[in-house]
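Inside the fold
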Amino acid sequence: MKQGLQEGFSGMEPQRGTIIPVLLPYPFAGPFDYRLPPGIAVAPGDIVLVPLNRRTEIGVVWDGPPQGGVGDNRLRPISSPVDAPPMRHDIRQLVDWIAAYTVTPPGEVLAMALRVPPTPAEAPPVGWHRAEPLSAARITPQRQRVLEVLGTAAMQGQALASAAGVSSTLLRGMADAGLLVPVALPIVPPFTRPDPEHPRPTLSPDQEAAAADLRAAVAARTFSVTLLDGVTGSGKTEIYLEAIAESLRLGRQALILLPEIALSSQWLARFERRFGVAPAVWHSDLSSRTRRITWREVASGAAPVVVGARSALFLPFPDLGLVVIDEEHETAFKQEEGVVYHARDMAVVRARLCAAPAVLVSATPSLESVANAEAGRYRRLHLPDRFGGASLPVVALIDMRETPPERGKFLSPPLIQAIRETFARAEQAMLFLNRRGYAPLTLCRTCGHRMQCPNCTAWLVEHRARRILQCHHCGHTIPIPAECPACNAQHSLTAVGPGIERITEEARATFPDARLLVMASDTLTGPHSAAEAAQAIEDRRVDLIIGTQIVAKGWHFPHLTLVGAIDADLGLAGGDLRAAERTVQLLHQVAGRAGRADAPGRVMLQTYSPDHKVMHALVSGDLESFRENEAAERRPGNWPPYGRLAAIIVSADTAEAADIAARNLGLAAPTTTGIQVLGPAPAPLAILRGRHRRRLLLKARRDVAVQPLIREWLAAVPTGRGVKVDVDIDPISFL
Ligand code: ADP
Ligand code: ZN
C-alpha cells in the first residue's frame, strides 16, 4: 500500500492465509496474529485497524514471524490499513528495546510512541486562480474586484474574499461560472532551516578543542557517547551548539533533550541567537495541531533540529545525526508513571539504533555516566574553568546551631546581612528551598494531632494563600480547618517547618522594599510564565528570587550574585542510595546560578550538619573527590553504578493482600549467583492513593541480565485479585 521498509511482508504476494503479527497499544504480552485479507499487502510498521473483541482498534504491523498458537480458522482478518505514514523500523526497535529493558508489555510502550495519532499527510491548502481564458459569464462589479485583486496570482480563498470584500460563496459562484479555477497552494514550511554559518562567538582554545571533538563525532556518522562535563558557565551549551551546527551542515537532524522544556525560554533564545531561527519544540504543552505539524515536519526531514522533553525520543526522524541530553544528571528524565524508563539511557539507545553520536552534558554528571566514561564506554570532555575568566562562586556554610534564626523564622542573621549587602550594591539575590507551599506539616498544639492524607502515608502541606491543605502525592485537598479534627480545640492548629510561601512571607517582612519573585512549579505553569519571569529578572525588575528546584535548571541571571539555601540538609533525610549525590548536584547547580564574569558570586548554605561530606564537597567545589568517595562506598556492595538494581513494587487494596503477595514473591525470589533480593518491606509511602504498597529490591552484579530473571520470577508467582506488581529497573526513587 505504501513505501514500507523492504523486509518482512513487503513485496510478498498478497495471498489467502497470510498471517501477520499486529502490536496493539495495550498491555498484552506481545503482538496478536491477524489474517491479511486477499488483495491487501502490508509491511511491518504499517498502521492498521483490527478487530479486538467487539471494537476496532488501531495497531501496528510488527516485525518477526506470526505468534502462532491460534487456529488458522479462528484468526480474524485485519479491518483495513490506515492511510498514515508507517512506524519507522528504528522506532519499532526502540519500542521493543524499551519494553524488554523495563520489563513492560511492548504494547504499553507502543502507546507512548503512538501518542501522536497517525494522520495522513496534510492536503495542500486550496486557493483560486483566474480561469484562462475567462468564460463569457457576466462580470459584475464584485466579480471584477475579485479578478483585479487576484491578478495573475493564486490566492487562498479566505484571503481573497476578504481582500476583495466579497463572500466565499461568491468565489464558488465564479468558479461555477468558469471565471476562477481552484489550485493547490504550496504548503508554507512551518520551520526555517537554522543557519550553521550564522555569526557566532569565538570559542576559547579549550572550548574550540571540545567543539572540534564533537564535530568529528557528528561527522563520523557512527554511534558514540561523549560525556561533556564542565563547570557551570564553562560554555558547554556553546560547544554542543557547534555539534548541532555540524549536523546541520551535513544535512542531518539533531535532537536535544532538556529536563524541563516548558522552562526553557532562555535556551530557545540562545538557539535563535546562534542559528537565526528557533528550532522545533516538542513537549506536552503543545496544541494538538502543532503536534501534528511538528511530527509531520520531523518525519519529512523539514525540521532539522528538535528540542524536547523525553517523549521527543519517539519522533520519526528519518536521518537523526545527533542526540544531546542536557543536564544529564537530572532525575526529571526518569519517567515514574506508566512505562518506568530513564529518558537519558533510552536516548543513548535511540542514538545507537540510528548510528548517531550521543552527547551527555552536565556540570554535575551522574555517577553512572562518569563510571561509563571511566570504563571506556563513553568518551569524556572536561572543561575545568568558567568562560572569560569568571570565577566560580564562593560557597560558605552557615552553622544554624551557632547563628540560629529568630524563633519561628528561617533566615539566619548572616544570610539576612548578606542579602542586605547584595541589595545595597543593586545586585540580585536568590533564596532556594525545595519545598512548595507554606508549611510541610500542620500540627495541633493541644493534642499533637498531625494533619495527614487519608489516601497516602504523607502529611498534608499547607498552601496558605489558597487556604487549603493538600497532599503532594495524590492531590487530596481540604480547606484549612478552623479546629483540630481530633480534639476540636479552636485555633490550635499550627504550621511546622517552612515551604517557599512561608519564606516569601518572612522575606517580605524582613526586606519590605525588595521586589520579590517566586519561582515554583505552581507559579511558573508553562513556557510563557517562565519566559516572563526570566525576562523580569534579566531586566532587573526583581531583587529577590525565591524558588524551588526549578531555579537549579540552567538559567543565566547575569545580575544575580548571592544564593542562599534555606535548608541545605533537606535532601539528606531519608538517606537513599543517591541522597548525598543528589544533594550535591542540586545545591551545586543552584550555586552555579550566582556570579558571572564581572560580578563574582557568593553562596550561603544554612545547615545543621556542617561536617557532612556533602557540605565539604560544596564548600571545596571538589566534586571529583566527592564522586571518588561515593564510588568507593558503592563499589564493594555492588551498588549502582557498579551493580544493578531493580525494584519490585507490590500494591493492593488491602494491607493483607499486599503482604501476602509480597511474601509470596519474596519466597519465590531467584537465587542465582550474583544476585540478592532484599525485602519485602513496607514502602516508605506505605499507602499511596489508597493502595497499600510493599517493596522488594533486587541487587545484581553488573554482568547479570536481570530482566529475564525478573520476567520468570513474576510469571511464576500468581498474584491475587486487585494486586498489582510494578517493576522499576534502575530505580531512582525509593518511595
Ligand atoms: P554552560 O552551558 O557550561 O553553563 P554556557 O554555554 O551557557 O555555559 O556559557 C556561559 C555563558 O558564557 C553564556 O552566557 C555564554 O553565552 C557565554 N559564553 C560561553 N562561551 C563563550 C564564548 N566563547 N564567547 C562569548 N560568550 C561565551
Ligand atoms: Zn495523598
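Because the structure is predicted, anything quoted here is derived from the model rather than measured.

Look at helix H15 (residues 579–591) against helix H16 (residues 613–620): their axes get within 10 Å of each other, and the N-to-C directions meet at 30°. With respect to H16, the axis of H15 lies roughly parallel. As H15 packs across H16, the resulting crossing turns out to be right-handed. Contacts between H15 and H16 pair Ala580, Thr583, Val584, Leu587 and His588 from the former with Lys613, Val614, Ala617 and Leu618 from the latter. Considered class by class, the residues forming the contact of H15 with H16 number six nonpolar, two polar and one charged.

Turning our eyes to something else, we now look at the sheet that holds strand E22 (residues 468–470). Here three strands make up an open sheet; going across it, the order is E21-E22-E23 and the pairing antiparallel. Looking at which strands have only one partner, the edges of the open sheet turn out to be strand E21 (461–463) and strand E23 (477–479). Strand after strand, the sheet turns through a mean of 30° between neighbouring axes, direction not considered. As paired strands, E22 and E23 are joined by three bridges and run antiparallel to one another. Across the sheet, residue Ile468 finds its bridge partner in E23, namely Pro479.

Coordination of the zinc ion (ligand 2) by the protein comes from Cys453 (SG), Cys456 (SG), Cys471 (SG) and Cys474 (SG), over a distance range of 2.3 Å. Around the zinc ion (ligand 2) sit four donor atoms; with metal-centred angles ranging over 103 to 115°, the donor geometry is tetrahedral. For the zinc ion (ligand 2), the donor residues sit on a single chain with the sequence spacing C-x2-C-x14-C-x2-C. With Cys456 in the loop between strand E20 (441–444) and E21 and Cys471 in the loop between E22 and E23, this residue pair connects regions lying 15 residues apart in the sequence. For Cys471, a relative accessible area of 2% gives the class buried.

Our focus in this paragraph is the confidence of the model for the chain. Looking at the chain as a whole, the pLDDT averages 91, with 95% of positions reaching at least 70. Of the regions scoring below 50 in pLDDT, residues 1–16 engages in 40 contacts with residues more than four places distant in sequence or in other chains.

Attention now moves to the site of ligand 1. Neighbouring ligand 1 are 16 residues; Thr202, Gly233, Lys236, Thr237 and Arg270 lie closest to it. For ligand 1, the accessible surface in isolation is 550 Å², of which the surrounding protein chains cover 77%. Considering each element in turn, the shell around ligand 1 owes the most residues, three residues, to helix H7 (residues 236–249). Grouping the constituent residues of the shell around ligand 1 by class yields four nonpolar, eight polar and four charged.

The rules behind these values
Residues numbered from 1 in each chain as written. Chains lettered and ligands numbered in written order. Predicted model: local features only at pLDDT ≥ 70, side-chain atom pairs only at ≥ 80, totals over all residues. Heavy atoms only, no water. Axes fitted to C-alpha atoms, helices over the stretch in contact; angles between N-to-C directions. Helix = DSSP H or I, 4+ residues; strand = E, 2+ residues; numbered from the N terminus. Parallel < 35°, antiparallel > 145°, perpendicular 65-115°, else oblique. Left-handed = near helix turned anticlockwise from the far one by under 90°. Contact = heavy atoms within 4.5 Å. Nonpolar A, V, L, I, M, F, W, Y, C, P; charged D, E, K, R; others polar. Pairing = 2+ DSSP bridges. Donors = N, O, S within 2.8 Å, 3.2 Å for Na, K, Ca; no water. Tetrahedral: all angles 85-135°; square planar, octahedral: opposite > 155°, others 65-115°. Buried < 20%, exposed > 50% of the residue type's maximum accessible area, 1.4 Å probe, protein only. pLDDT = per-residue confidence, 0-100. Near = heavy atom within 4 Å. Areas by Shrake-Rupley, 256 points an atom, 1.4 Å probe, with all protein chains shown as cover.

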